[in-house]
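# Analysis of the macromolecular model
One letter stands for each residue in the lines below.
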Amino acid sequence: MKPIFKHLFNFVVLFSVSFSVSAKVELLTGYVRAMPASVPNSAAYLSLSNQGEEIDLVSVQTNVAEEAQLHRLIEENGMIKMRQAAKFTVPNNGELTLVETGNHIMLIGLNRTLEVGNTVDLVLLFDNGETLPVSLPVKKQQHSATAAHSHH
């Protein structure tokens, strides 16, 4: 019974969101990394465009994981480390890009296997209370020279 209410809640959140943010902030591209069943976490990467005032992305909700966190990569004493971030700013008339080798959204405590071809629904929450629902495809890790140094 609990999963039914959880899905119903997510459905209501996705369809009762404020549409004013969609007029300013929109999803350009994005995906969630596919993970085998034995891996409890994954990450989401995306690009947002903002044609309005500067706005901060402050949290993310999803039904595929126990928790979604904003994370950034930092260098400390020559080592790359991952740290939770309080927010990501989407600049006025600019873009926010979250990538494998930098800022990203961690999906912690996956409750299902993320297989290539599936989609993951996220609700992006902004500092002014507005929300933006997005649906991202699940893809394999991007293969590039910099991705080889990824932390996941």
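Above this note sits the structure.
Throughout what follows, the structure given in this document is the object of discussion.

If you walk through the whole model with that rule in mind, you get one aromatic pair. Judged by centre distance (5.2 Å) and plane angle (45 degrees), the rings of Y31 and Y45 are tilted. Taken as a pair, Y31 in strand β1 (residues 25–33) and Y45 in strand β2 (residues 41–50) lie far apart in primary sequence, 14 residues in all. On the accessibility criterion, Y31 (10% relative accessible area) is buried. Y45 gets classed as buried once you look at its relative accessible area, which sits at 3%.

Further remarks concern the pairing of strand β10 (residues 131–139). Looking at chain direction, β1 and β10 are connected through two bridges and run parallel. Bridge pairing in β10 links R33 to K139. Sheet topology note: the strand β9 (residues 119–126)/β10 ladder contains seven bridges and is antiparallel. Note on β10: the bridge partner recorded for D121 is S135. With antiparallel pairing between neighbouring strands as the criterion, β9 and β10 make up a hairpin whose turn holds four residues, including G129 at a positive phi of roughly 90 degrees.

Between side chains of opposite charge, a pair can form as their charged atoms come close. Within this structure, the stated rule accounts for four salt bridges. Residue R33 pairs with E100 through a salt bridge whose shortest N-O separation is 3.3 Å. One end of the pair, R33, is in strand β1; the other, E100, is in the loop between β7 (94–97) and β8 (104–110), and 67 residues separate them in sequence. Overall, the relative accessible area of 4% leaves R33 in the buried class. Each of E76, K81 and R83 takes part in salt bridges that share partners, so that together they form one network.

Attention now goes to the nonpolar core. Core analysis: the biggest nonpolar cluster contains 30 residues, and V32, L48, I105, L107, L122, L124 and F126 have the highest contact counts within it. Listed by contribution, the elements that provide at least two residues to this core are β1, β2, β3 (55–62), β4 (65–76), β6 (88–90), β8, β9 and β10.

Next up on the list: unusual backbone geometry. Positive phi, normally seen in glycine, also occurs at N77, with a value near 50 degrees. Take N77: it is sitting in the loop between β4 and β5 (79–84). We classify N77 as exposed; its relative accessible area is 81%.

In this section: the pairing of β5. Consecutive residues of a regular strand have side chains that alternate between opposite faces of the sheet. Summarising burial for β5: zero of the six residues are buried, a small minority. Where β4 meets β5, six bridges bridge the pair, whose relative direction is antiparallel. In the strand pairing of β5, L73 is matched with M82. The hairpin turn running from β4 into β5, its antiparallel successor, is two residues long, and N77 in that turn takes a positive phi close to 50 degrees.

So, how was this worked out
The residue count restarts for each chain, going from 1 along the sequence in the order it is written. Only residues with pLDDT of at least 70 are given local features in this predicted model, and only at 80 or more are side-chain atom pairs given and counted; all residues enter the totals for whole chains, interfaces and linings. For the side-chain quantities, the full set of heavy atoms in the structure was used; hydrogens and water were omitted. Two aromatic rings from Phe, Tyr or Trp, using only the six-membered ring of Trp, form a pair when their centres are within 6.5 Å; if the ring planes differ by under 30 degrees the pair is stacked, by over 60 it is edge-to-face, and anything between is tilted. Numbered from the N terminus, helices here are DSSP runs of H or I no shorter than four residues, and strands are runs of E no shorter than two. Burial here depends on accessible area, computed with a 1.4 Å probe over protein chains only, as a share of the maximum for the residue type. Under 20% is buried, over 50% is exposed, and the range in between is partly exposed. Strands are labelled as partners when DSSP assigns at least two bridges between them. Any Lys or Arg side-chain nitrogen found within 4 Å of a carboxyl oxygen on Asp or Glu counts as a salt bridge. The criterion is simple. A nonpolar core is a set of buried Ala, Val, Leu, Ile, Met, Phe, Trp, Tyr and Cys residues joined through side-chain atoms within 4.5 Å.

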